[in-house]
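The residues making up each chain are set out below.
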Amino acid sequence: MRALICGAGIAGLTLAWLLDRMGWDVQLVERANSLRREGYMIDFFGPGFDAAETMGLLPRLRELAYTITELNYVDRSGRPRAALDYKVMFNSLDGRLISLLRGDLALALYERLSQRVVQSYGCSVQALDERAEGVTATLTDGTRWSGDLVIGADGIHSAIRELAFGLESNYLRYLGIHTAAYTFADPVLRKKLGEQFAITDSVDKTVGLYPIRNERIAVFTAHRTRDSAIPADPRTAVQATYSDLGWLVPDALAQCPDPPALYYDQVSQIEMPRWTTDRVALVGDACQAVSLLAGQGASLAVAGAQLLASELANEANVTHALSHYTKRMAAPVADKQAAGRRTAEWFLPSTPRRLLLRRLALRAMALPGLDRLLSSRLVAGAGGIP
Ligand SMILES: Cc1cc2nc3c(=O)[nH]c(=O)nc-3n(C[C@H](O)[C@H](O)[C@H](O)COP(=O)(O)OP(=O)(O)OC[C@H]3O[C@@H](n4cnc5c(N)ncnc54)[C@H](O)[C@@H]3O)c2cc1C
C-alpha cells in the first residue's frame, strides 16, 4: 500500500512513522524547507498522551520536557497577582501531563522516521485526481505520485482540504483572537526573567514569557480582535499591539523576528461534516482544529494519526477504514472544541471584572476540594477516544 502525506507536522510525522511500521510505502511532503522546529510551549495530555505511551514515545518526550511548577500572572511591574499551580493540574490528570515545545514534540516524532520514508521538503501538492482504484497527486516540484491514499496533515490552512473538500471559509470558525509566538536568545533578559514561567495579568491581550534551554525565551502572545485578517506585517503588528503591557514585554517585543521565525495566526477551529473521501483523509488541525484555547490540538493530532493508522491496519478496505476513523474521532473532537470555546474568557478576560474573577478562581484552586474541581475544568475533555 502507498500513502502520500502532506505536512510534516505533529499529525503527519506520527502517521508517517506508523504507516511505515505497518509496511506501507510512505512519501512525506512538507512546504517548509526543513522540519519546523520553531514554536511555543504546549501542555501534552489527554488522548495524545495515551497514544504516545502506546507508541513508546514517552521516555523521549520526558527528556525533552520542561518542569513547570507554576504559571505566574504578573502585573505591569512584574509583580505576581495570581498563579496557576501546575501541581494541581498535574494531579488532576494523574501525572499524565508533559510540557514541552511543539518543535521538540515534532523532533521526537521525526527521530522515529526510518530511511524508508521518502521526505520532500520545500514541496507541496497542487492537484489531486481521485479514482475508484487509487489517487494521483501532482506535486509542486512537477513530479506525479500515484497510490492508495493521500493524507492532508497540513494544518489548519490545509491545501489538501481545499483540493478535496473546497474552500476553507466553509469550515473555519474564527474565535475572535490572534496569536503569535517566537523564541529568542538574550542573556540579560533571561536573567531578569529567571526560572519563572509568567504571563501578563491583563484584559483583552496577554504576553507570556517562558524560560527555555540555551538561555532562550519563548514568547507567546494573544489578543482579541474582530478582524480575522492576518496583518501584512505581523512583526510590526505584534510590536504595536502589546507595547503597553509593561514588565519585560517591551524588551521581548524588540526581539520579535519576521515570519517564518515568527508564528502568527488567527485562533480558529475547523468544523467539517466529513473528514475523508474514498481516497483522501484529513488528520490533525486540517480537519479537527480545536485551537489553543482547548490546549489539546497537538494531543489530538497524535491521537488522530494513531487512530487512523490502527483503522487502516485492521481493515483492508481503505474507504471503510477511513469511515471508521471519522466515526470514532468526530464526537470527542466536537466536545473538546466546545470546551475550548468555553475557556476563552478564562484565557483572555474581556473586562476588568472578569480578570478579577480569574484571580479569585486561581486563589480558590489552592483550596483543598476546589483544586481538583477547578483544574479539571481547565483540562476539560481530557478523556480519550472511544
Ligand atoms: C500558541 C499555541 C499554543 C498551543 N498550545 C497547545 C497545547 O498546550 N497543547 C496542545 O496539545 N496543542 C496546543 N496547540 C495546538 C497545536 O500546536 C496544534 O493543534 C498542532 O500543532 C496541530 O498539529 P498538525 O500536525 O495538525 O498541524 P501542524 O503542527 O500545524 O503541522 C502542519 C504541517 O504542515 C505543513 N504545511 C502547511 N501547509 C502545507 C502545504 N500546503 N503543503 C505541505 N505542507 C504544508 C506545515 O509547514 C507544518 O509543518 C497550540 C497552538 C498554538 C498556536
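Note: the structure precedes this text.
Residues numbered from 1 in each chain as written. Predicted model: local features only at pLDDT ≥ 70, side-chain atom pairs only at ≥ 80, totals over all residues. Heavy atoms only, no water.

(A) Spotlight on the environment of Leu307. Note that Leu307 resides in helix α11 (residues 297–314). Separated by 100 residues in sequence, Leu307 and Val207 place their C-alpha atoms 35 Å apart. (Helix = DSSP H or I, 4+ residues; strand = E, 2+ residues; numbered from the N terminus.)

(B) Region of interest: unusual backbone geometry. In this structure, the amide linkage connecting Pro259 to the following residue, Pro260, adopts the cis form with an omega of 10°. Positive phi, close to 50°, is recorded for Asp94, a residue that is not glycine. Tracing the sequence through the fold places Asp94 in the loop between α4 (86–92) and β6 (97–101). Even without being glycine, Trp247 reaches a positive phi, approximately 55°.

(C) The arrangement of the site of the ligand in detail. Near the ligand you find 32 residues, and of these Glu30, Tyr40, Asp43, Ser124 and Asp285 are the closest. Within the side chain of Arg36, a nitrogen or oxygen atom sits 3.5 Å from an oxygen atom of the ligand. When the ligand sits alone it has 1,000 Å² of accessible area, and the protein chains cover 92% of it. For the shell around the ligand, the secondary structure elements donating two or more residues are α1 (10–21), β2 (25–30), β3 (41–45) and α11. The dominant element in the shell around the ligand, judged by the number of residues it contributes, is α11, at four residues. In terms of residue class, the shell around the ligand is made up of 15 nonpolar, ten polar and seven charged. (Near = heavy atom within 4 Å. Polar contact = N/O pair within 3.5 Å; in protein donor to acceptor, adjacent residues only side chain to side chain. Areas by Shrake-Rupley, 256 points an atom, 1.4 Å probe, with all protein chains shown as cover. Nonpolar A, V, L, I, M, F, W, Y, C, P; charged D, E, K, R; others polar.)

(D) Inspection of the packing of aromatic side chains at higher detail. All told, the structure shown has five aromatic pairs when counted by the stated rule. Ring geometry for Phe220 versus Phe347: centroids 6.0 Å apart, planes at 50°, classification tilted. Residue Phe220 is located in strand β15 (residues 216–224), and its partner Phe347 is located in helix α13 (residues 344–347); the two are separated by 127 residues in the primary sequence. Judged by its relative accessible area of 18%, Phe220 is buried. Residue Phe347 is classed as buried on the basis of its relative accessible area, which comes to 17%. When the centroid spacing of 5.8 Å and the interplanar angle of 65° are considered together, the rings of Trp275 and Tyr325 count as edge-to-face. Of the two residues, Trp275 is situated in the loop between β16 (263–270) and β17 (280–282) and Tyr325 in helix α12 (residues 318–342); the sequence distance between them amounts to 50 residues. The same class applies to Trp275 as to Tyr325, namely buried. Over the aromatic face of Tyr66 sits the side chain of Arg213, whose NZ or CZ is 4.2 Å from the ring centroid. (Phe/Tyr/Trp six-rings, centres within 6.5 Å; stacked < 30°, edge-to-face > 60°. Buried < 20%, exposed > 50% of the residue type's maximum accessible area, 1.4 Å probe, protein only. Lys NZ or Arg CZ within 6 Å of the ring centre and 35° of its normal.)

(E) Region of the structure containing the packing of helix α2 (residues 47–54) against α11. Across the interface, α2 lies against α11 with an axial gap of 7 Å and an inter-helix angle of 50°. When the interaxial angle is binned, α2 and α11 end up oblique. Along this stretch, α2 crosses α11, giving a crossing that reads as left-handed. Packed against α2, whose contacting residues are Pro47, Gly48, Phe49, Ala51, Ala52 and Thr54, the element α11 presents Ser299, Leu300, Val302, Ala303 and Gln306 at the interface. Along the lines of polarity and charge, the residues of the contact of α2 with α11 split into seven nonpolar, four polar and no charged. (Axes fitted to C-alpha atoms, helices over the stretch in contact; angles between N-to-C directions. Parallel < 35°, antiparallel > 145°, perpendicular 65-115°, else oblique. Left-handed = near helix turned anticlockwise from the far one by under 90°. Contact = heavy atoms within 4.5 Å.)

(F) Quick peek at the environment of Cys123. In this fold, Cys123 is placed in the loop between β7 (118–121) and β8 (125–131). Given a relative accessible area of 4%, Cys123 falls into the buried group. The spatial distance from the C-alpha of Cys123 to the C-alpha of Asn33 is 8.0 Å, given a sequence separation of 90 residues. Setting aside residues up to four positions removed in sequence, Cys123 forms contacts with Val29, Glu30, Arg31, Leu139, Thr140 and Asp141.

(G) Inspection of the sheet that holds strand β1 (residues 2–6) at higher detail. Pairing within the open sheet is parallel, and its five strands lie in the order β7-β2-β1-β11-β17. On the outer flanks of this sheet lie β7 and β17, each paired with one strand and no other. Across this sheet, the average inter-strand angle for adjacent strands is 15°, counted without regard to direction. As defined by bridge partners, β1 adjoins β2 across five bridges and the pair is classed as parallel. (Pairing = 2+ DSSP bridges.)

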